[in-house]
Amino acid sequence: MLIIFSAILVALFHTAHTETLCAGNQYNTGSQICCSGVINSKAGGHTACCSVEAYNPTGQICCNDVINVKRVGQTACCNTQAYNPTADRCCDGQIRPKPSRC
């Protein structure tokens, strides 16, 4: 009896501290992320939001609601594309190699 009661208390404690609402739907903050009202899995390191999609900020970058694979040095966005600001520049939404002018 004590074991069952303890299990119920643990379950209630776990639920109270890990579940919240996303657009009115309950989700588990330990394994899921709410992105603009859409519940996504955190699997694979998807811990950030890009519009309604989750992405992994270690290997990806969100540029104006578009998820891009992050290549070496790509830390900035030009319109919807990631680029390396050390080697390139963004000119009117186009990536141009430095030292070109805009």
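Residues numbered from 1 in each chain as written. Predicted model: local features only at pLDDT ≥ 70, side-chain atom pairs only at ≥ 80, totals over all residues. Heavy atoms only, no water.

### Concerning the side chain of Asn 40
Position of Asn 40 relative to the elements: it lies in strand β4 (residues 38-41). Given a relative accessible area of 18%, Asn 40 falls into the buried group. A distance of 3.2 Å separates a polar side-chain atom of Asn 40 from the backbone oxygen of Val 38. A polar atom in the side chain of Asn 40 sits 3.0 Å from the backbone oxygen of Val 52. (Helix = DSSP H or I, 4+ residues; strand = E, 2+ residues; numbered from the N terminus. Buried < 20%, exposed > 50% of the residue type's maximum accessible area, 1.4 Å probe, protein only. Polar contact = N/O pair within 3.5 Å; in protein donor to acceptor, adjacent residues only side chain to side chain.)

### Details of the state of the cysteines
Applying the stated criterion to the full structure yields six disulfides. In this model Cys 50 forms its disulfide with Cys 62; the gap between the sulfur atoms is 2.0 Å. Around the S-S axis, the bridge from Cys 50 to Cys 62 shows a dihedral of about 70° and counts as right-handed. Linking Cys 50 in strand β5 (residues 48-50) with Cys 62 in strand β7 (residues 60-63), this pair joins segments that are twelve residues apart in sequence. Of the residues examined, Cys 50 reaches a relative accessible area of 2% and is grouped as buried. Classification of Cys 62 as partly exposed rests on a relative accessible area of 22%. Disulfide pairing is shown between Cys 91 and Cys 102; the S-S distance is 2.0 Å. With the S-S dihedral at roughly -65°, the linkage between Cys 91 and Cys 102 falls on the left-handed side. Taken together, the positions of Cys 91 in strand β11 (residues 88-91) and Cys 102 in the segment after β12 (94-97) put the pair eleven residues apart, joining distant regions of the chain. Of the residues examined, Cys 91 reaches a relative accessible area of 6% and is grouped as buried. (Disulfide = S-S within 2.5 Å.)

### Structural notes on unusual backbone geometry
Each neighbour pair has its own omega, and for Lys 98 with Pro 99 the value is 10°, a cis peptide bond. Here Pro 99 is to be found in the segment after β12. Even without glycine at this site, Ser 36 takes up a positive phi of about 50°. Structurally, Ser 36 can be placed in the loop between β3 (32-35) and β4.

### What to know about the pairing of β3
Because side chains alternate across β3, one face comprises the buried residues Ile 33 and Cys 35, and the other comprises Gln 32 and Cys 34, none of which is buried. Direction of pairing for β3 relative to β4: antiparallel, over a ladder of four bridges. Across the sheet, residue Gln 32 finds its bridge partner in β4, namely Ser 41. The turn joining β3 and β4, which pair antiparallel and follow one another in sequence, is formed by two residues; a positive phi near 50° is taken by Ser 36. (Pairing = 2+ DSSP bridges.)

That's the geometry; what it means functionally is another story.
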